[in-house]
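# Overview (structure and organization)
Okay, here's what each chain looks like letter by letter:
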Amino acid sequence: MKAFAALFEALDATTKTSAKTAALSAYFTAAPAQDRVWTIALLSGKRPKRAATSTELRNWAAEEAGLPLWLVEETYPIVGDLAETIALILPPPRLQTDRSLTEWITLLADLTGKDKDTRRAGILAAWDGLRPTERFLFNKLITGGFRMGVSRGLMTRALAAASGIEDSVIAHRLMGNWTPAETSYEQLISPEDDAASSSRPYPFALASALEGGPDALGPVEDWAAEWKWDGIRAQVIARPGAFALWSRGEELITDSFPELGILSRSLPKGTVIDAEIVAWGDAGLQPFASLQKRIGRKTVSKKLLAEAPVRLIAYDLLEDGGRDLRQSPYATRRAGLDRIVSSLPPGAPLIASPLLEARDWAALAKKRAEARDHLAEGLMLKRRTAPYHLGRKRGDWWKWKLDPYSVDAVMIYAQSGHGRRATLFTDFTFALRDGNDLVPFAKAYSGLTDAEFREITAWVKANTLEKFGPVRRVPPELVFELAFEGIQESARHKSGIALRFPRMLRWRRDKPASEIDSLDSLRALLKAAHSPPRP
Amino acid sequence: MAREPVLSFTERGLYCPAGDFYIDPWRPVDRALITHGHSDHARSGHRAYLATHAALPVMRHRLGQISAEGLTFGETRQIGGALVSFHPAGHVPGSAQIRVEVGGEVWVVSGDYKLEEDGLSEPFTPVRCDTFITECTFGLPAFHWQPQAVVARQIADWWAANRAAGRISVLGAYGLGKAQRLMAALAAQGLPGPIATHGAIEVTTEILRNQGYALPPTQPVSLQKPDASCLVIAPPSALGSAWARKLGPVSEAFASGWMALRGVRRRRGPGTGFIVSDHADWPGLNRAIAETGASRIFATHGYTTAFQKWLAHQGYDAGIVSTEWQGETQDPETPT
Ligand SMILES: [Zn+2]
Ligand SMILES: [Zn+2]
């Protein structure tokens, strides 16, 4: 645990990529081999089985520290992280227990499923032998959510530097559902591929947001344009003996979309396609809201299948006849994709995303303005000569999204942020006018500068009307312009409306609360958004 | 018969009707008793000031021409119907708790305080009283300080490592109290190199040195350009500034109780955080309160809501004084 804690402290003390990569590769060279595997797993978002719930941890820590539970609850939002709160409130350790990261994880795995007293005793004993940073990390093993400021790409590069294996190979190996307990470090960095890789996906290529406009992109002929569909990005794997559907979050979602399973028979073996899962009814493409019924379902009833069927819109071809195509130019990959799609039987639930032809950028900009009519979020621009990159590499893939919807609303509640922003009020609830009432309709926590958050924090503190735990009710005075990507009906919301990705565009100091928008203006947007798409 | 309270809470600040004076008021008044020279306690514009002799030189420097009188620690003074005296708060050099006695009833206003002896400030002494008005800047159980010597060792190690890497160490610390306390603590361990100062730090250091506080020699950065062997002490606002960049390759750190929280450390951006505060930690607050023997406690200047609830839970008659003091609580970048 000492080596892992030192790594954590080194990563936490810097924002420089070079320093982080250096700290990681030093760790990958020197730490115990199985600890390396676990560190890779933790940084990829995997975590051990849960030995205790957050509530249990909170209760046990409060008892051990001799504090009433409410005081721990009051401390938590100030610290901003439960694992850290517990590490800080506990009395100093009386012992020094020297165990490796893997040993601690094994201990947690052994506790999992045991009766409450055994688990409690095991965790209290652990707390009593760990220094604060180690204690915090130990708690994080249980609560999950390691955020160490290390992206997947950065970890891959560090691992490549430490092992001498190419980073694309390592990135591919880290995809999918490998389990750290059954994987050795040698397997992760071995130059040869293993049999278990047959359903493993490739890392997704990601686009950067195109701010401003396409003027700097050069001739329009260099670019392929298509709609940016509003669904679930997915990778379809059809290999000998394996058919799998992966989400961008690397979840295996094959069973959630059984109607796509038919592709296992029609796609040529050795095909991997990058695509978007979209809702598709009798009338064709449906808004994202229809797809939401399907999200997070592990099993799907016949009824739901009939109500909200889906289809794949294919963007790209990554593997053709078992050959990794990612280094070929987009134009080549796209030609292969068209060939495969056209060979599918009629009615197959997979179509190719249409390419949009345009003489010049102005014509393409005009197309983009129609995106909402096509139920798209905007355009995707891909350089015809570009390979399929590993993750996000600026320059070859751009998302040219529509300007978001926006409304002016007033803040009515404020809550302190987490982590870096624990001492600031950053999470706000907003309301719109509805007749003489103010109706809460959205929450947002990003889009302002730290300086603005500081100023608003001082205002919130000076103007609090009521406190509910970490939440403060404030007078409806501060007006903000909120942007959002989509809008849909919602029975769960008091306003009857739910927004997608609301965020603060700016603080409207110039606007009094009397001039905010009304709920009716949102209802009008909702109507417009749900009128049937034009063909 | 209901008696007038010894101190009441007014919009100008804490007021003693029997003596017609205020303690650390935030609006101009005729007569102000000041616990210490930090800007959220010693404001300008009062007609007459009363503070400890030890606190006055910095106050005069910061507030300019003021009509002020000094008292020695423990010396009593009758003001109208109130008997007042100043007692060491251990917060910064010259800082005091103010004891007010009216008709046999004793109230104590803590000002800012800490219990650990820092080798420079007059050490905190508990004062028995009926009512104690306590700060609670770090009044949550997440705050536990390590002994000053341990932190000084961490700073010295960091300094030595920077020196070896050819980088100047720049340590952000509040200009009155924290900066000088760290100099003295580092000197007590044997300095790995010379201490250099930002102008704002040097001024206060020079005033305290002239008062007789034992401080190691310092050289202002403006007079001699520091090299990698130096530790430069600067106000927190100078970290990451153009001023710091001009020094050459530097490694920056910030010394504050807030560095105990990862969220705050990260919000400040890169750099090292040393956890050292001039305020009492959670065990310190609880011990100080118990040692006053007071049955009634008012919490102010910090996490008052939670702290008041905690005190009530412990059986105290507990209340809150809301203030316009902003202090260290609101934002780690505001000096107190
Ligand atoms: Zn203060
Ligand atoms: Zn102070």
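Residues numbered from 1 in each chain as written. Chains lettered and ligands numbered in written order. Predicted model: local features only at pLDDT ≥ 70, side-chain atom pairs only at ≥ 80, totals over all residues. Heavy atoms only, no water.

### Description of helix α7 (residues 101–111) of chain A
Residues and elements named next belong to chain A. Three or more residues of α7 are buried, namely Leu101, Thr102, Trp104, Ile105, Leu108 and Leu111. Residues of α7 that are buried make contact with α1 (2–12), α2 (17–30), α3 (33–43), α8 (116–127) and α9 (132–143). Directly after α7, the chain includes glycine 113, whose backbone phi takes a positive value near 90 degrees. (Buried < 20%, exposed > 50% of the residue type's maximum accessible area, 1.4 Å probe, protein only. Helix = DSSP H or I, 4+ residues; strand = E, 2+ residues; numbered from the N terminus. Contact = heavy atoms within 4.5 Å.)

### Section: the interface of chain A and chain B
Between chain A and chain B, the residue contacts involve 28 residues of the former and 24 residues of the latter. Contact between chain A and chain B buries roughly 2400 Å² in total, counting both sides, with carbon and sulfur atoms accounting for 57%. Across the contact surface, chain A and chain B share 1 salt bridge. Between the two partners, chain A and chain B, sit 2 residue pairs in polar contact (both at pLDDT 80 or more). Only α1, α5 (69–79), α6 (82–89) and α18 (450–463) of chain A provide two or more residues apiece to the side of chain A that touches chain B. The element contributing the most residues to the side of chain A that touches chain B is α5(A), with 6 residues. Residue classes in the side of chain A that touches chain B are distributed as 13 nonpolar, 5 polar and 10 charged. (Buried area = accessible area lost by both parts, 1.4 Å probe. Salt bridge = Lys/Arg side-chain N within 4 Å of Asp/Glu carboxyl O. Polar contact = N/O pair within 3.5 Å; in protein donor to acceptor, adjacent residues only side chain to side chain. Nonpolar A, V, L, I, M, F, W, Y, C, P; charged D, E, K, R; others polar.)

### Considering the environment of B:Ala280
Residue and element names in this part refer to chain B. When you line up the elements, alanine 280 lands in the loop between β17 (272–274) and α7 (282–292). Among the residues examined, alanine 280 registers a relative accessible area of 2% and is labelled buried. On a C-alpha basis, the gap between alanine 280 and phenylalanine 138 in space is 6.9 Å, while along the polypeptide they are 142 residues apart. Setting aside residues no more than four positions away along its own chain, alanine 280 makes contact with Tyr113, Lys114, Leu115, Glu135, Phe138, Trp145 and Leu285.

### So, the domain arrangement of chain A
All names here are of chain A. As assigned here, chain A comprises domain 1 (2–143), domain 2 (205–401) and domain 3 (405–529). With centres defined by C-alpha atoms, the gap from domain 2 to domain 3 works out at 34 Å. If you look at the interface, domain 2 gives 6 residues, while domain 3 gives 4 residues. Note that arginine 500 is salt-bridged to aspartate 230, the shortest N-O span being 2.8 Å. Our enumeration of links across domain 2 and domain 3 arrives at 2 residue pairs in polar contact (both at pLDDT 80 or more). By residue number, the principal contributor to the side of domain 2 that touches domain 3 is helix α14 (residues 288–292), which donates 3 residues. A class-by-class count of the residues in the side of domain 2 that touches domain 3 yields 2 nonpolar, 1 polar and 3 charged. (Domains from an automatic or database assignment.)

### Considerations on the domain arrangement of chain B
Residues and elements named next belong to chain B. By domain assignment, chain B separates into domain 1 (8–142 + 279–320) and domain 2 (148–274). A straight line from the C-alpha centre of domain 1 to that of domain 2 covers 29 Å. Counting from both sides, the interface comprises 19 residues of domain 1 and, opposite them, 16 residues of domain 2. Taken together, the two surfaces of domain 1 and domain 2 that pack against each other cover about 1500 Å², and 67% of this comes from carbon and sulfur. Run the count over domain 1 and domain 2 and you get 1 salt bridge.

### A closer look at the confidence of the model for chain B
For any part of a model where pLDDT is low, the fine detail of the predicted coordinates should not be relied upon. Residues and elements named next belong to chain B. Here chain B averages 92 in pLDDT, while 95% of its residues score no lower than 70. The low-confidence segment residues 325–336 (pLDDT under 50) makes 42 contacts with residues lying over four places distant or belonging to another chain. Two summary scores accompany this predicted model of the complex, namely pTM at 0.71 and ipTM at 0.92. (pLDDT = per-residue confidence, 0-100.)

### Describing the coordination of the zinc ion (ligand 2)
Residue and element names in this part refer to chain B. Within the protein, the zinc ion (ligand 2) binds to His36 (NE2), His38 (ND1), His91 (NE2) and Asp112 (OD); these donor distances fall in the range 2.2 Å. What the 4 donor atoms of the zinc ion (ligand 2) show is an angle range of 90 to 168 degrees at the metal, which sorts the shape as irregular. Considered as a linear motif, the donors of the zinc ion (ligand 2) on their single chain read H-x1-H-x52-H-x20-D. In this structure, the zinc ion (ligand 2) lies 3.4 Å from the zinc ion (ligand 1), and both are coordinated by aspartate 112. On the criterion of sequence distance, the pair formed by histidine 36 in the loop between β4 (31–33) and β5 (48–52) and histidine 91 in the loop between β8 (82–88) and β9 (96–102) is long-range, its members being 55 residues apart. Across the pair, histidine 91 and histidine 36 agree in class, each one buried. (Donors = N, O, S within 2.8 Å, 3.2 Å for Na, K, Ca; no water. Tetrahedral: all angles 85-135°; square planar, octahedral: opposite > 155°, others 65-115°.)

### A few points about the side chain of A:Thr14
Residues and elements named next belong to chain A. Tracing the chain through its elements places threonine 14 in the loop between α1 and α2. On the basis of relative accessible area, threonine 14 is assigned to the buried category, the value being 14%. Sequence-distant contacts of threonine 14, that is, excluding residues within four places in its chain, are made with Ala19 and Lys20.

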